[in-house]
Amino acid sequence: MSSSSTQVVRARIGSLLPSRADLVAVRRDPRRDLLAGLTVAIVALPLALGFGVSSGLGAEAGLATAVVAGALAAFFGGSDVQVSGPTGAMTVVLVPIVAQYGPTAVLTVGLMAGVLLVVLAALRAGRYMQYVPASVIEGFTLGIAGVIGLQQVPNALGVPKPEGDQVLVVTWHAVEEFVKAPNWTAAGLVVGVVVLMLAGARWRPTVPFSIIAVIAATVIAQVAHLDAKPIGDLPAGLPAPSLSFLDLGSLGSLLAPAVAVAALAALESLMSAAAADAMTVGQRHDPDRELLGQGLANIAAPLFGGVPATGAIARTAVNVRTGAGSRLAAFTHAAVLAVIVFAAAPLVSKIPLAALAGVLLATAIRMVEVGSLKAMAKATRSDAATLVLTAAATLALDLVYAVIIGLVVAGALALRAVATQARLDQAPLDRDDHTAEEYALLAEHIVAYRIDGPLFFAAAHRFLLELTEVADVRVVILRMSRVSTMDATGALVLKDAVEKLNRRGILVLASGIRPGQRQVLDSVGALELLRHGGRDYATTPEAIRGARDHLETAGILPAVPAQQTRQAQAALSEEALQ
């Protein structure tokens with residue numbers, strides 16, 4: 001490798017690693033960051049426990065993820081205020097993996113996904129997040145909120161979780177079990193937690209009502225000896241790092257789930273980082289560094305029994321609103337959770353599962369931004385359709401398929417909208433430059449069309465249909481200076497139209513072909529067809545003069561004196577510039 005290549009590689013690696021600027025930001029206001037981190041940890045504790053339970057690996061897996069992934073993503077990530085850990089969206093993906101491959105497979109999938117994220121960071125793939133439409137993101141978020149809410153139904157009703165990985169089917173069976181043997185204790189705890197969290201958030205948004213609701217539900221369940229199933233025993237501390245879960249023989253079968261987890265981790269983390277930028281002044285995340293941070297976090301978390309992690313938009317929002325200004329806040333959040341794991345595991349183990357279900361139900365409700373959904377639905381029919389289809393696919397299918405469907409639908413509707421902008425308009429000759437008799441002769445034998453907009457595969461065939469329906473004239477002039485873009489399909493259709501008109505004895509002339517379009521036309525042989533006989537002109541006045549010369553040579557039009565021709569050309573040149 002040459003020295004210049006080595007320098008490029010070093011510079012690229014250096015741009016992905018923490019810099020001196022990060023250290024300067026940490027020293028700016030450490031007290032405020034420490035307080036923000038403590039607040040986020042209080043909010044994150046019940047969420048980490050709940051998402052760990054929902055994933056199928058247990059509350060300890062959620063805590064391990066919040067501690068390990070939260071610390072590494074805070075240090076190596078691309079956002080100063082992003083908070084990472086287990087999330088509802090990731091839980092939605094993990095449930096079917098657990099059902100099909102078993103709990104330990106989730107650890108392998110997480111490690112593989114982390115490696116894929118590091119590769120994406122090296123390939124600078126983070127910048128492509130900007131091409132995801134807002135309608136897809138809103139539909140995705142709405143669908144995730146629905147899935148998270150439905151996943152909590154078994155614990156909320158106090159019934160054993162039915163078998164299966166289809167959330168709608170599982171929810172239905174859970175309701176059937178509840179009808180047979182109602183557990184009003186669990187339902188009451190859930191309602192109390194949800195009401196306290198939602199009402200408290202409206203009354204005092206800065207107060208962490210989630211932890212207050214969980215503590216209250218736990219105390220009530222213990223004092224009143226209610227029949228509420230608790231989380232169960234938790235280990236006092238994180239387990240020693242281990243690769244015992246890794247089965248090299250299963251890597252091939254787990255590649256597809258790993259790709260799905262990596263795609264979701266990248267999507268959700270970059271969305272969360274972008275939302276954090278919007279909530280702050282002067283903060284701009286580095287998408288490639290964020291992918292690296294999430295990749296390293298997901299490589300490390302499984303070693304301690306943790307589930308895959310992503311950037312968490314709810315915890316990030318709390319971090320920003322409580323005054324966080326550097327990575328110290330997110331790192332503090334992970335450290336506080338680590339202390340809780342080591343010091344308060346016996347107390348945490350007594351939290352009722354119904355209380356955690358209530359926290360996640362309230363979280364799902366708060367994820368739905370009614371104002372944003374209304375605005376998106378009113379924007380255009382395409383946005384509304386994309387939003388609804390993405391949300392429905394999220395509920396019925398897995399999240400990656402939902403995003404792919406949303407992107408395909410949004411892309412198809414966008415192409416349709418662009419294609420409708422292409423127009424083929426007849427451009428009449430100027431009456432002022434000709435006598436009535438001469439104008440009548442020209443209009444009888446020459447027709448000029450102005451092509452506006454893109455000429456590509458989505459609009460090309462409509463263009464061919466319109467152009468080949470030209471009336472029985474002798475010359476067609478195609479004014480192409482306003483063609484914004486052209487692909488091979490558009491060039492082939494144009495060539496086909498010229499050949500069809502030529503077979504009818506109609507001469508086709510072109511004017512104003514741009515240099516970039518010449519290459520496309522030349523690649524399919526259309527340019528050579530137009531050049532034959534001098535049919536390719538730089539300007540429309542020159543093309544009209546060529547058309548008249550053709551008609552005069554054919555004896556269809558009488559010859560015009562040279563002085564009159566020059567005056568007409570000057571008028572046409574002035575018209576062409578307008």
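For the structure itself, consult the block above.
Because the structure is a prediction, the values reported are computed rather than measured.

Enquirer: In this structure, what is going on with the packing of aromatic side chains? I would like to understand it.
Expert: This model, assessed by the stated rule, comprises 3 aromatic pairs. Ring geometry for F75 versus F76: centroids 4.8 Å apart, planes at 85°, classification edge-to-face. Judged by centre distance (5.2 Å) and plane angle (85°), the rings of F178 and W184 are edge-to-face. Assessed through its relative accessible area of 12%, F178 is described here as buried. Classification of W184 as exposed rests on a relative accessible area of 62%.

Enquirer: Is there a simple way to explain the layout of surface pockets in this structure?
Expert: The gaps of empty space that remain are located by a probe, the size of a water molecule, rolled over the atoms. The volume enclosed by the largest pocket comes to roughly 1400 Å³. Every residue lining the largest pocket is counted, 45 residues in all, and those nearest its centre are I313, A314, A317, R366 and M367. Partitioned by chemical class, the residues of the lining of the largest pocket number 26 nonpolar, 11 polar and 8 charged. In this model, the second largest pocket occupies a volume close to 720 Å³. Along the wall of the second largest pocket there are 33 residues; nearest its centre are V53, N155, K161, K229 and L353. When residues of the lining of the second largest pocket are traced back to their parent elements, those giving at least two are helix 3 (30–55), helix 4 (59–76), helix 5 (88–101), helix 8 (153–157) and helix 17 (353–367). When its residues are assigned to classes, the lining of the second largest pocket shows 17 nonpolar, 10 polar and 6 charged.

Enquirer: What should I look at first to understand helix 4 in this one?
Expert: Structurally, the α-helix is built with 3.6 residues per turn, so residues lying three or four positions apart point the same way. With 18 residues, helix 4 should cover 26 Å at 1.5 Å per step; its first-to-last C-alpha distance of 26 Å lies within 8% of that length. Judged by how many residues are buried, helix 4 sits mostly within the fold: 15 of 18 residues are covered.

Enquirer: Sorry if this is basic, but what is going on with the nonpolar core here?
Expert: Residues L49, I231, L234, V261 and I351 are the most contacted members of the largest nonpolar core, which totals 85 residues. In this view, L49 contacts A59, L63, I231, L234, V348, I351 and L356; residues no more than four positions away in its chain are not counted.

Criteria and cut-off values
For every chain, the first residue of the written sequence is number 1, and numbering continues from 1 along that sequence. Where totals are concerned, whole chains, interfaces and linings use all residues; where local detail is concerned, this predicted model gives features only for residues with pLDDT of at least 70, and gives and counts side-chain atom pairs only at 80 or more. Calculation of side-chain values draws on the structure's entire complement of heavy atoms; hydrogens and water are dropped beforehand. Put simply, two rings from Phe, Tyr or Trp (the six-membered ring, in Trp's case) pair if the centres are within 6.5 Å, and we call them stacked under 30 degrees between planes, edge-to-face over 60, tilted for the rest. Only protein chains enter the accessibility calculation, which uses a 1.4 Å probe; a residue whose area is less than 20% of its type maximum is buried, one above 50% is exposed, and one in between is partly exposed. Any residue with an atom within 4 Å of a point lines the site, the site being either a cavity, points on a 1 Å grid over the protein atoms alone where a 1.4 Å probe fits but cannot get out, or a pocket, an open set with protein on both sides within 12 Å along at least 5 of 7 lines. Grid points are joined across faces, edges and corners, and a volume is the space filled by probe spheres set on the points. Each residue gets one label: Ala, Val, Leu, Ile, Met, Phe, Trp, Tyr, Cys and Pro are nonpolar, Asp, Glu, Lys and Arg are charged, and the others, such as Gly, are polar. Helix and strand definitions here come from DSSP, where helices need a minimum of 4 consecutive H or I residues and strands a minimum of 2 consecutive E residues; each element is numbered from the N-terminal end. Given the number of residues in a helix, its expected span is that number minus one, multiplied by 1.5 Å. In these notes, a set of buried Ala, Val, Leu, Ile, Met, Phe, Trp, Tyr and Cys residues joined through side-chain atoms within 4.5 Å is what counts as a nonpolar core. Only heavy atoms matter for contacts: two residues are in contact if any of them lie within 4.5 Å across the pair.

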